[in-house]
Amino acid sequence: MVSHVDDDHIKGILDLTKEQRTNSPDVRLDVTSLWHNSFDDLLKTKPHELVAGFGTASVETTAAAGEAGIDSGSVLASFGASMLRDDAEIEDEDMHQTVEVLSSIPQGRTLRDDAEALGWRPNHKFKGKLILAAEIAKPVTLGDLTITVVGPMQPELLALQEEHDKWLLAQKEKKKKSPEAALAAFVDESIPNLSSIVVLAELAGQSMLLTGDARGDKILEGMELAGLLKEGGKKHVDLLKVPHHGSDNNMETIFFERVPADHYVFSGDGEHGNPERATLEMLLQARGVDADYTIHLTYPVDEIDIARQADWEKEQAKEKARKKKNPASKKPVRENWSPAKHSLGALFKNNPKLAKKVVIVDPDKPHLIDLLEPLGL
């Protein structure tokens, strides 16, 4: 299952399918089904319309580069830089998101094509259609494993389609905005993230909520629609993969209150500030320090903080540059980085009981969370 088409979620599986296609059929992995919603399936609009104003050649070049074994990230980095103008009223982060959306088009299509070539039967359990949360839960069984789809929700995707169509109309009729600003405004909704496949996997009374990069409020709404969560109620899970690498843009304290877990997995390395200290503070506020739970971090705290500080200072420099260019702008410039106020290390130092709940993934050996019988590795 690939939750969505962002590069950090899809590249690994693309490397795998590329390798598998070079293997003889008798030594390939036996995969019966791939769960994946490709970008151009999510939107009825054809990819060449999505990138109107940028030129389809750039995106097609990226797709061709991927097929030729060239890193599409480097192609798109050059492509993204070529779109920037000195007078463009657009933030670097917006452009970063724009390039990510554009890169998602060929990546999602490549995975779908690879899967079909390998006989992996994309979305076989759903008759080849999009994987969407239903208003009445219809769990899928894989042996003894039960999986309930919580997201994405069809009304949400339809709303995104409507917004995209409005954008296309503005492009064709008004053309008042630069192509860069128009697409950046559109991707502020972060289509790949909002379209993440979210599932609750259950086996022998144990459960895992796998969230991709979805927003917390949408996950709660999807769980309610699927009958997993009563309105205003709570649903305990044994393991929660914290959405979007622990970004505080996707979380509120109420999410942790309504979906308490025994294990919280944060898959962030400090890039883009994730996992955010604010997210861990939300968890602390919701669960306190006396409840029995474990926090799993994929990198050492000091390494995460080094990357978080670098990201903080990079964003601060961009904010200062924008303010200097446009003094009347109401967008604030963040304060200087303070280890005491902003680091994860200080948070854990000030809350020793919380620190005792943290375990760090060791890159040299498997990190096991035994929900059933211990594997003993």
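Residues numbered from 1 in each chain as written. Predicted model: local features only at pLDDT ≥ 70, side-chain atom pairs only at ≥ 80, totals over all residues. Heavy atoms only, no water.

## Regarding the pattern of salt bridges
1) Next: Tallied over the full model, the rule gives 12 salt bridges.
2) Next: The closest approach of N and O atoms between E224 and R258, which form a salt bridge, is 2.9 Å. One end of the pair, E224, is in helix 10 (residues 216–225); the other, R258, is in helix 11 (residues 253–258), with 34 residues separating them in the sequence.
3) Next: With a relative accessible area of 11%, R258 lands in the buried category.
4) Next: In this structure, R334 engages E319 in a salt bridge whose closest nitrogen and oxygen atoms are separated by 3.0 Å. Highlighted residues: R334 in the loop between helix 13 (301–325) and helix 14 (339–342) and E319 in helix 13, separated in sequence by 15 residues.
5) Next: Residues participating in the shared-partner salt-bridge network are E276, D305 and R308. (Salt bridge = Lys/Arg side-chain N within 4 Å of Asp/Glu carboxyl O. Helix = DSSP H or I, 4+ residues; strand = E, 2+ residues; numbered from the N terminus. Buried < 20%, exposed > 50% of the residue type's maximum accessible area, 1.4 Å probe, protein only.)

## Focus: the sheet that holds strand 8 (residues 358–360)
1) Next: Pairing is mixed in the open sheet, where eight strands are placed in the order 1-2-3-4-5-6-7-8. Each end of this open sheet is capped by a strand with a single partner; those strands are strand 1 (140–142) and strand 8. Recorded for the sheet is a direction-independent mean angle of 20° between the axes of neighbouring strands.
2) Next: Summarising the sheet, strand 3 (residues 198–203) and strand 4 (residues 206–210) pair through five bridges and their orientation is antiparallel. Counterpart to E202 in the pairing with strand 4 is S207.
3) Next: The strands touched by helix 10 within the sheet are strand 2 (145–151), strand 3 and strand 4, with strand 2 carrying the most contacts at an inclination of about 120°.
4) Next: Contacts from helix 12 (residues 277–287) reach strand 6 (261–266) and strand 7 (294–297), with the element oriented near 175° to strand 6. (Pairing = 2+ DSSP bridges. Axes fitted to C-alpha atoms, helices over the stretch in contact; angles between N-to-C directions. Contact = heavy atoms within 4.5 Å.)

## Focus: a nonpolar patch on the surface
1) Next: A surface patch of nonpolar side chains, amounting to about 340 Å² of accessible area, comprises L368, L375 and L377.
2) Next: Within the secondary structure, L368 is located in the segment after strand 8.
3) Next: Take L368: its relative accessible area is 32%, and that puts it in the partly exposed class. (Patch = residues over 30% accessible without salt bridge, like charges linked within 9 Å, V, L, I, M, F, W, Y side chains within 5 Å. Areas by Shrake-Rupley, 256 points an atom, 1.4 Å probe, with all protein chains shown as cover.)

## Quick look at helix 1 (residues 7–22)
1) Next: With 16 residues, helix 1 extends 22 Å between its outermost C-alpha atoms, agreeing within 8% with the 22 Å of an ideal straight helix rising 1.5 Å per residue.
2) Next: Taken residue by residue, helix 1 has I10, L14, T17 and Q20 as its buried positions. The arc that holds every buried residue of helix 1, seen down its axis, measures 125°, which confines them to one face. Set apart from the buried face of helix 1 by more than 90 degrees, the exposed residues are D8, G12 and T22. (Expected span 1.5 Å × (residues − 1). Arc of directions from axis to C-beta.)

## Thoughts on the confidence of the model for the protein chain
1) Next: Looking at the protein chain, the pLDDT average stands at 80 and 72% of residues meet or exceed 70.
2) Next: Contacts of residues 52–90 to residues separated by more than four positions or lying in other chains number 47 contacts, the stretch itself having pLDDT below 50. (pLDDT = per-residue confidence, 0-100.)

## As for the pairing of strand 5 (residues 237–241)
1) Next: The buried count for strand 5 comes to five of five residues, which makes it a mostly enclosed element.
2) Next: Relative to strand 5, strand 4 runs parallel, the two sharing two bridges. Pairing of M208 across the sheet is with L239, part of strand 5.
3) Next: What joins strand 4 to strand 5 is helix 10, and the crossover it makes is right-handed.
4) Next: In terms of strand pairing, strand 5 meets strand 6 through four bridges, oriented parallel. Bridged to L240 within strand 6 is Y264.
5) Next: Crossover strand 5 to strand 6 through helix 11 is right-handed. (Right-handed = clockwise from strand over helix to strand, strands pointing away.)

## Focus: the nonpolar core
1) Next: If you look at the biggest cluster of nonpolar residues, it comprises 35 residues, and the most contacted ones within it are L209, F255, F256, Y264 and I295.
2) Next: Ranked by residue count, the leading element in this core is helix 12, at four residues.
3) Next: Apart from residues no more than four positions distant in its own chain, I295 is found in contact with Y264, F266, L280, L283, L354, K357, V358 and V359. (Core = buried A, V, L, I, M, F, W, Y, C linked by side-chain atoms within 4.5 Å.)

## Some thoughts on the pairing of strand 2
1) Next: In terms of burial, strand 2 is largely enclosed, as five of its seven residues are buried.
2) Next: Taken together, the three bridges between strand 1 and strand 2 define a ladder with antiparallel strand orientation. Note on strand 2: the bridge partner recorded for T141 is T146.
3) Next: Where strand 2 meets strand 3, five bridges bridge the pair, whose relative direction is antiparallel. Pairing of I147 across the sheet is with A201, part of strand 3.

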